[in-house]
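Descriptive structure summary
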Amino acid sequence: MLDAAEQIHVNDRRKQPVVYIFNPDNDLALAHEAMMSRRGLPRAVYTPKPRAEQLARSLALLPAWYAAPDSSVLAPVGSDVEGLQQWLNRHLDGITVTDRVPREPATLRPWGWSNTLISKLLSQGASPLSIPSNTQRLAQLSSRQLTMTVHERLAAALGHTLCPMPTVLSSLDEVKHFITSHQSGCYFKKLWSGSGRGIYHTREASATRELLQWTGGEIARCGAVMGEPTFERIMDMAVEFECRDGKVTIAGYSIFHVDSHDRWQGNIVDKKDNLHERITTRYGDFDKVVAALSGIIADIVPVDYNGHLGVDMLLFREGENIGIDPCVEVNMRCTMGLVAAMLGERCNLHGRLHIVPREEITASDTAVTPPDNHFVAVVSPL
């Protein structure tokens, strides 16, 4: 329960304008900042690659689908704000488009927080009072090392481990030992990356030169990599949480698809109850796991964090049974799974949410971002 001072702060914040921001390369910014911090430059700013910049510009209105009523979505500087607003008005009520960061104190809701975004917002005139005080802690929680903590706490809460746990590897000797200990193959993951990037999957029981170069380079940059066993996966899924005023609630569920390199390919769009049924039909103890996970998230996340996060999971075949990896990673930010969940729940859409080049849109696709000359988010029939 919030004390009187905290409640006054909450009430003041609720009166502020709320602005959503789509910065999809947040994980890359955090990785760059972590690397530079190890070199003594803790506030180094990340420069996105052209494709990342174009994705941010093309899909800028994506947050409108999960935004709160009477809020705004920030369009990139130089955008046709009037045209974007007209497009949005044809599809959604109650959300405005702006290309200006409020100079007065505001509630800013980016895709994710990083020093890079903070520097950009301040340079555009944002009030320092609009920047949360816990961003350094959020950066730490964005590291894949958090999965270790979640697995350990889940095992304590449930009284048993649900699957082999991930391991933090901080030397090449540890990498080599991990490989020989997992004869059927394993994954190595960067501490900060998203959408399946930053992952090296090997099915060999020996360390190749390429693998050692990849893991060694990442250990030199960020101090460690994560090692994970290979599962015979049958479903990739996530729980989407919302944190608000010290409370953690379930905003939705997501089921998603990845390619052979574990890169994100799309999310199923459907009603929350339908997605939940798909998962529980395969794994009956799902709700018990989620209940324990919700308590752990509430304990870990700063009480003054207001925003979304997603916990990726997977179901895998274990002999005649089905097992669960309850925390593949914690995305301390908004996710495409959240967007898909809201499109299904609020808009009654059904299909697969994915991103395509403008020229690949088909007549059966429903565009959920304005079709510019580059990328478009669409819901396609299953």
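Reading guide: rules and limits
Residues numbered from 1 in each chain as written. Predicted model: local features only at pLDDT ≥ 70, side-chain atom pairs only at ≥ 80, totals over all residues. Heavy atoms only, no water. Helix = DSSP H or I, 4+ residues; strand = E, 2+ residues; numbered from the N terminus. Rg over C-alpha atoms; globule rule 2.2 N^0.38 Å. Areas by Shrake-Rupley, 256 points an atom, 1.4 Å probe, with all protein chains shown as cover. Phe/Tyr/Trp six-rings, centres within 6.5 Å; stacked < 30°, edge-to-face > 60°. Buried < 20%, exposed > 50% of the residue type's maximum accessible area, 1.4 Å probe, protein only. Lys NZ or Arg CZ within 6 Å of the ring centre and 35° of its normal. Pairing = 2+ DSSP bridges. Contact = heavy atoms within 4.5 Å. Axes fitted to C-alpha atoms, helices over the stretch in contact; angles between N-to-C directions. Parallel < 35°, antiparallel > 145°, perpendicular 65-115°, else oblique. Left-handed = near helix turned anticlockwise from the far one by under 90°. 1 Å grid on protein atoms, 1.4 Å probe; cavity = no way out; pocket = protein on both sides within 12 Å on 5 of 7 lines; lining within 4 Å. Points joined across faces, edges and corners; volume = space filled by probe spheres on them. Nonpolar A, V, L, I, M, F, W, Y, C, P; charged D, E, K, R; others polar.

Before going further, it helps to spend a moment on the overall build of the chain. If you tally the helices and strands in the chain, you get 12 helices and 16 strands. On C-alpha atoms alone, the chain measures out to a radius of gyration of 21 Å, which is about the 21 Å that the 2.2 N^0.38 rule sets for 382 residues. For the chain, the exposed area adds up to about 17700 Å²; of that, 49% sits on carbon and sulfur atoms.

Before going further, it helps to examine the packing of aromatic side chains. For the structure shown, the criterion picks out 7 aromatic pairs. Seen from their ring centres, F178 and F188 are 5.9 Å apart, and the 65° between their planes marks the pair as edge-to-face. Here F178 is found in helix α8 (residues 172-180), whereas its partner F188 is found in strand β6 (residues 186-189), with 10 residues between them in sequence. The residues F178 and F188 share a single accessibility class, namely buried. Linked through ring pairs, Y20, F22, Y66 and W111 together constitute an aromatic cluster. The aromatic ring of Y187 is capped on one face by K189, whose charged end is 5.8 Å from the ring centroid.

To continue, consider the sheet that holds strand β12 (residues 307-318). If you walk across this open sheet you meet the 8 strands as β13-β12-β9-β10-β11-β14-β16-β15, and the pairing is antiparallel. Pairing within the sheet leaves two strands with one partner each, and these edge strands are β13 (321-331) and β15 (366-367). As paired strands, β15 and strand β16 (residues 375-380) are joined by 2 bridges and run antiparallel to one another. Counted as the bridge partner of A367 is V378 from β16. Against the sheet, helix α12 (residues 336-347) makes contact with β9 (232-244), β10 (247-258), β11 (264-269), β12, β14 (351-357) and β16, and its axis sits at roughly 25° relative to β11, the strand it touches most.

Below, the discussion takes up the packing of α8 against helix α9 (residues 209-222). Relative orientation of the contacting elements α8 and α9 amounts to 135°, with a least axis distance of 10 Å. Between α8 and α9, the crossing angle belongs to the class labelled oblique. Where α8 crosses over α9, the two elements pack in a sense that is right-handed. Where α8 abuts α9, its residues L172, V175, K176 and I179 lie against L211, L212, T215, G216 and I219.

Tracing the chain through its elements places N267 in strand β11. The class for N267 is buried, based on a relative accessible area of 2%. Residues contacting N267, with those up to four places away along its chain left out, are S254, I255, F256, M336, G337, A340, G351, R352 and L353.

Evaluated as defined, the whole model comprises 2 cavities of 30 Å³ or more. Space inside the largest cavity adds up to approximately 90 Å³. In this structure, the largest cavity is lined by 13 residues; those nearest its centre are D27, S142, S193, V330 and N331. Those elements giving two or more residues to the lining of the largest cavity turn out to be α2 (26-38) and β13. Split by residue class, the lining of the largest cavity holds 4 nonpolar, 5 polar and 4 charged. Put simply, the second largest cavity is a space of about 50 Å³.

With respect to the element layout, D99 can be found in the loop between β3 (95-98) and β4 (107-110). The exposure class assigned to D99 is partly exposed, which follows from its relative accessible area of 27%. With 25 residues separating them in the primary sequence, D99 and L74 have C-alpha atoms 5.4 Å apart.

It is worth spelling out the environment of Q213 at this point. Inspection of the secondary structure puts Q213 in helix α9. You can call Q213 exposed: its relative accessible area is 52%.

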